[in-house]
Amino acid sequence: MHDYHHRRYRTLAAGLLSGALLLSATSLVHAQEAQKPDEAWKKEYRATATKYDDLVNTKLDVRFDYSKSYMYGKAWVTLKPHFYPTDTVSLDAKGMDIHKVELDRGGKTTPLKFDYDGMVLRVHLDRVYKYTEKYTLFIDYTSKPNDLKVKGSAAITDAKGLYFINPKGEDKNKPTQIWTQGETEANSVWFPTIDKPNQKTTEEIFMTVPSKYVTLSNGLMVGQKENGDGTRTDHWKMDLPHAPYLFFMGVGDYAIVKDSYKGKDVNYYVEKEYAPVARRIFGNTPEMIAFYSRITGIDYPWPKYDQIVGRDYVSGAMENTTATLHGESAQQDARELTDGNGWEDVIAHELFHQWFGDMVTTESWSNITLNESFADYSETLWNEYKYGKDAGEAVNYKGISSYLQQPENAGKNLVRFYYADKEDVFDQVSYPKGGRILNMLRNYVGDSAFFKSLNLYLTTNKFKSAEAQQLRLAFEEVTGQDLNWYWNQWYYGSGHPKLKIDYVYDDAAGKVQVIVNQTQETGKMFRLPIAIDVYNGPTKERHKVWIEDKTDTFTFAYKSRPDLVNVDGDKVLLCEKTDDKTLDNFIHQYKYAGNYVDRHEAVDFCAKHQDEAKAVDLLKAAVKDRYYRIRSYALGKVDFKRDNVRAAFEPIVAQLAESDPSRVVKAKAIEILGSFGNSAYLPLFIKATTDSSYSVAGNGLEALSDLDSTSALALAKKMIKAPAKGELSVAISQVLMKSGDESDFDIVSDNFEKMPVAQEKFEFMMPYAKMLSKVTSTDKLKRGVDLLIQFKEAIPQAYRQQTDPYFDNALKGLAKKKQAEGKNDQAEYINAKLGGEKKGF
């Protein structure tokens, strides 16, 4: 599973709390004090589920009731005792109506007694079975997912397993779809099973659906039958065992864009309007499969690999075996893709799960690192392979930053045997921290040993479940080293090092001392094998050392004072650090050490010293860097409020706005030029509004609006007639709102409603609330308030404590203004909405 939503909401909340819209700290403290969490879980060891019985095969025959959002199911579940003889079996079956439970012997059935509490179906078998004996249960049931009250998480916002999207077709702007989401243990809402990750079963599903729809499930479609009543039954079969949470069904009106890898189907199920760009979104998949097959040494193990996009999906994406489900954000139009495929990392992430998670599966949610850390790290591997070293290092650095942004992460072990809820392990420790731990391990053992160890781990545990110690044993067998220290430190421990690095040069003695202090206050000292590179001009001398103590001092001899001593030369450490380098050191680092993080660090340092000409010169070089992310980042760090800096950079920025090959950089440059208020750039801004990139066009329109609001408004009214997304959608709405014309309200509101729940929607929210304060129509006011409430409630519970007060304060202020204007009916509506909707605390 990709934690796209988790990262997105975290960024959203962080942006809210760090920006100008910051709520009072007091209000948040009071909110936190009001909610005193139950900490009993800290004493509850989360063991791997005991295997009393083993799943062998699961056969389902299902049909759907769109009017009730029910599924009518028949299940044939084949099991055997795991080891000890037994005469009972317990199956997870959440919120179902159980009509019949029978023993099936080759079609001959015998009724069985059972107990059912609404969650677990306990079946009394006809006799005692030994572990050498299989038996098949037949269960006739109804799945009622919408009647089940379950809790989700930050990464997975709901957990009812089976989802009917617009089932009655009442929303004309949304297709009718069905999709399922099993992780963690929600598939047992729609079929009875042992819903634990350490179970594996083969699978067969007969799905009866309206003939106008297509279906997707695990494995291969082996048959189709028209039923003569407007329905069709599709027969899907998976002959290789996989975990129950990876079972999947998808139903809808999709275009199927066909691709392949070594004769295996690699198909893309998209809404029909996206069929022309499906290959631009998903088309790297066959190359990804080939790359992952090569680095793991195991050719893609499953019979096909399809990807489908679902509306209103509760997470980012999910790695159902051979049938990955993506959220609707995957569907980008041609203009969005001009800025780059924003979903490519998710596609890479989910595909790697087919090896790490699906073929070899974590045996417990405590060991989720075996699934998610690998998938997270695959984003680094793919970018490095496809787009070069800078791209891989940029993804890796983003992972480090993502983990460090939340200080509470430092208290969590990677392998977590204690947690309040199993959903809680899908966090920034299991994802980016775990990915960085793999990156450090790769750096330590070397590429050859790293990938050979992965091959051994996958081969040894193929189609089985595993725990983190089995990964350690694979690495130990390949490298010949005892790696308990690494696993104990990073997998079974928490936190990260905080390093203070100082340098003492002694020219008379011809030596430099590098003093590294671990300053974390946890009492835990980290063992860190690193490289220290000593530079004289472009020449580098590498020293491999170990940081092990609270203070470590490393001494290196020299004939002439080094231009740079670069600690952690490969920039792989997951750490916080204070590095006492000089400006000249960082300039040398940018030019000669030169990996992505080296250059990024140099830009950061020089950005803080723009009163020094050498620092400004480095920033000039950085905005022309070979890699677009450094160029864009450096542009954002230049202090254009300094007259001398602006004068030095303005011609460069204008050139980037005109001709940079990256739309990301071009859009950033246009945004900056727009802040100058210089009418000389009007032709550039007008030209930008016609760019195929939404970002460039949007920033061009906003810049034009600041100089010529009349022309910008006329242009916005023309642009609104064509579909627009992203920055352009925001810019059009901003221009229309600025005009204060109430006739544009519906257009602006439509844009607001369509925006994904992300930081840009938060930034759009205050201008939108301001527009509502000027609206006279009560119907329009009600629609706007409803949209704000919907936005508020769309944010997962994990973040509502931070975001709810912001919404409430904005709406209270709006109500107060309306009351002061004598519009009591509008004020009453707002207050009723505030009082009536459920609090997210």
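Residues numbered from 1 in each chain as written. Predicted model: local features only at pLDDT ≥ 70, side-chain atom pairs only at ≥ 80, totals over all residues. Heavy atoms only, no water.

Draft legend 1. Highlighting the sheet that holds strand S25 (residues 498-506). Strand order across the open sheet formed by four strands is S29-S26-S25-S31, with mixed pairing between neighbours. The strands lining the two open edges of the sheet, one partner per strand, are strand S29 (551-557) and strand S31 (576-579). Neighbour-to-neighbour, the strand axes of the sheet open up by a mean angle of 20°, direction not taken into account. Inspection of the sheet shows S25 paired to S31 by four bridges, in the parallel sense. Along S31, the bridge assignment pairs Ile501 with Asp579. (Pairing = 2+ DSSP bridges. Helix = DSSP H or I, 4+ residues; strand = E, 2+ residues; numbered from the N terminus. Axes fitted to C-alpha atoms, helices over the stretch in contact; angles between N-to-C directions.)

Draft legend 2. Structural detail: the packing of aromatic side chains. Enumeration over the complete set of coordinates arrives at 55 aromatic pairs. For the pair Tyr268 and Phe282, a centre-to-centre distance of 5.5 Å together with 20° between the ring planes defines the contact as stacked. Of this pair, Tyr268 sits in strand S19 (residues 268-271) while Phe282 sits in helix H3 (residues 278-282), placing them 14 residues apart in sequence. Given the relative accessible area of 0%, Tyr268 is considered buried. (Phe/Tyr/Trp six-rings, centres within 6.5 Å; stacked < 30°, edge-to-face > 60°. Buried < 20%, exposed > 50% of the residue type's maximum accessible area, 1.4 Å probe, protein only.)

Draft legend 3. Structural context of the state of the cysteines. Scanning the entire structure with this criterion turns up zero disulfides. Cys575 forms no disulfide, and the closest cysteine sulfur to it belongs to Cys606, at a distance of 20 Å. (Disulfide = S-S within 2.5 Å.)

Draft legend 4. Fine view of the side chain of Gln589. Relative to the helices and strands, Gln589 is located in helix H13 (residues 583-593). For Gln589, a relative accessible area of 0% corresponds to the buried category. Within the structure, Gln589 has its side chain in polar contact with the side chain of Lys581 (distance 2.5 Å). (Polar contact = N/O pair within 3.5 Å; in protein donor to acceptor, adjacent residues only side chain to side chain.)

Draft legend 5. Summary view of a nonpolar patch on the surface. A grouping of Phe83, Tyr84 and Tyr131 is seen on the molecular surface, where their side chains present a nonpolar patch of about 390 Å² in accessible area. Structurally, the position occupied by Tyr131 is in the loop between strand S7 (120-129) and strand S8 (135-143). In this structure Tyr131 comes out as partly exposed when scored by relative accessible area, which is 40%. (Patch = residues over 30% accessible without salt bridge, like charges linked within 9 Å, V, L, I, M, F, W, Y side chains within 5 Å. Areas by Shrake-Rupley, 256 points an atom, 1.4 Å probe, with all protein chains shown as cover. Salt bridge = Lys/Arg side-chain N within 4 Å of Asp/Glu carboxyl O.)

Draft legend 6. Focus on the pairing of S25. Here S25 pairs with strand S26 (residues 511-518) via eight bridges, running antiparallel. Of the residues in S26, the one forming a bridge with Tyr505 is Val512. Remark: four residues form the turn of the hairpin made by S25 and S26, two consecutive strands paired antiparallel; Gly510 in that turn has positive phi of roughly 65°.

Draft legend 7. Representation of helix H10 (residues 447-460) within the structure. Relative to the 20 Å expected for 14 residues at 1.5 Å per residue, H10 spans 20 Å between its end C-alpha atoms, a close match to the ideal helical length. Along H10, the positions that sit buried rather than exposed are Ala449, Phe450, Phe451, Ser453, Leu454, Tyr457 and Leu458. Those residues of H10 hidden inside the fold are in contact with helix H4 (285-296), strand S23 (360-362), helix H7 (369-387), helix H9 (429-445), strand S24 (464-466) and helix H11 (468-479). (Expected span 1.5 Å × (residues − 1). Contact = heavy atoms within 4.5 Å.)

Draft legend 8. Fine view of the pairing of S7. With six bridges joining them, strand S3 (residues 86-92) and S7 adopt antiparallel strand pairing. Along S7, the bridge assignment pairs Ser90 with Arg122. Here strand S6 (residues 114-116) hands over to S7 after three residues, with Gly118 in that stretch at a positive phi of 95°.

Draft legend 9. Structural view of the nonpolar core. Membership of the largest hydrophobic core comes to 90 residues, with the highest contact counts inside it found for Trp355, Trp487, Tyr491 and Val514. Residues within four places of Trp487 in sequence aside, it is in contact with Leu441, Ala468, Gln469, Leu471, Arg472, Phe475 and Tyr492. If you look at the next biggest cluster of nonpolar residues, it comprises 87 residues, including Phe649, Ile652, Ala667 and Val775. (Core = buried A, V, L, I, M, F, W, Y, C linked by side-chain atoms within 4.5 Å.)

Draft legend 10. Looking closely at the sheet that holds strand S13 (residues 220-226). Reading across from one edge, S5-S4-S8-S2-S1-S11-S14-S13 is the order of the eight strands in this open sheet, with mixed pairing throughout. Only two strands of the sheet have a single partner each, and these edge strands are strand S5 (108-111) and S13. Pairwise comparison of adjacent strand axes, ignoring direction, gives a mean angle of 20° for this sheet. When strand S11 (residues 201-210) meets strand S14 (residues 231-242), the two strands line up antiparallel, connected through nine bridges. Within S14, the position partnered with Phe206 by the bridge is His235.

Draft legend 11. Local environment of helix H14 (residues 596-607). Helix length check: H14 (twelve residues) gives 16 Å between terminal C-alpha atoms against 16 Å at 1.5 Å per residue, within 8%. For H14, the set of buried residues is Tyr596, Val597, Asp598, Arg599, His600, Glu601, Ala602, Val603, Asp604, Phe605, Cys606 and Ala607. For H14, the N-terminal capping position is held by Asn595, with its side-chain oxygen 3.0 Å away from the main-chain nitrogen of Val597.

Draft legend 12. Region of the structure containing unusual backbone geometry. Here the amide bond leading from Glu183 into Thr184 is cis, since omega sits at 10°, within 30 degrees of zero. Here Thr184 is to be found in the loop between strand S10 (177-180) and S11. Residue Lys262 is not a glycine yet carries a positive backbone phi of 50°. When you line up the elements, Lys262 lands in the loop between strand S17 (260-261) and strand S18 (264-265). Positioned with a positive phi, Thr322 is a non-glycine residue whose angle comes to about 65°. The residue Thr322 is located in the loop between strand S21 (317-318) and strand S22 (323-327) in this model.

Draft legend 13. Geometry of the packing of H9 against helix H12 (residues 484-491). One way to put it is that H9 packs onto H12 with a least axis distance of 11 Å and a crossing angle of 160°. Between H9 and H12, the interaxial angle falls into the category roughly antiparallel. Crossing of H9 over H12 shows right-handed handedness. Touching Lys433, Ile437, Leu438, Met440, Leu441 and Tyr444 of H9 are Trp485, Tyr486, Trp487, Trp490 and Tyr491, all from H12. Tallied by class, the residues present in the contact of H9 with H12 amount to ten nonpolar, no polar and one charged. (Parallel < 35°, antiparallel > 145°, perpendicular 65-115°, else oblique. Left-handed = near helix turned anticlockwise from the far one by under 90°. Nonpolar A, V, L, I, M, F, W, Y, C, P; charged D, E, K, R; others polar.)

Draft legend 14. Broad picture of the environment of Asp786. Mapped onto the secondary structure, Asp786 falls in helix H25 (residues 778-794). Not counting residues within four places of it along the chain, the set of residues in contact with Asp786 comprises Tyr829 and Lys833.

Draft legend 15. Examining the pattern of salt bridges more closely. With the rule as written, the count across this model stands at 52 salt bridges. Between Asp234 and Arg232 there is a salt bridge, with its nearest N and O atoms 2.7 Å apart. Looking at Arg232, the relative accessible area reads 7%, which means it is buried. Here Glu601 makes a salt bridge to Lys577, at a shortest N to O gap of 2.9 Å. Residue Glu601 is found in helix H14, and its partner Lys577 is found in strand S31; the two are separated by 24 residues along the sequence. A single salt-bridge network, built from bridges that share partners, covers Asp390, Arg599, Asp625 and Arg626.

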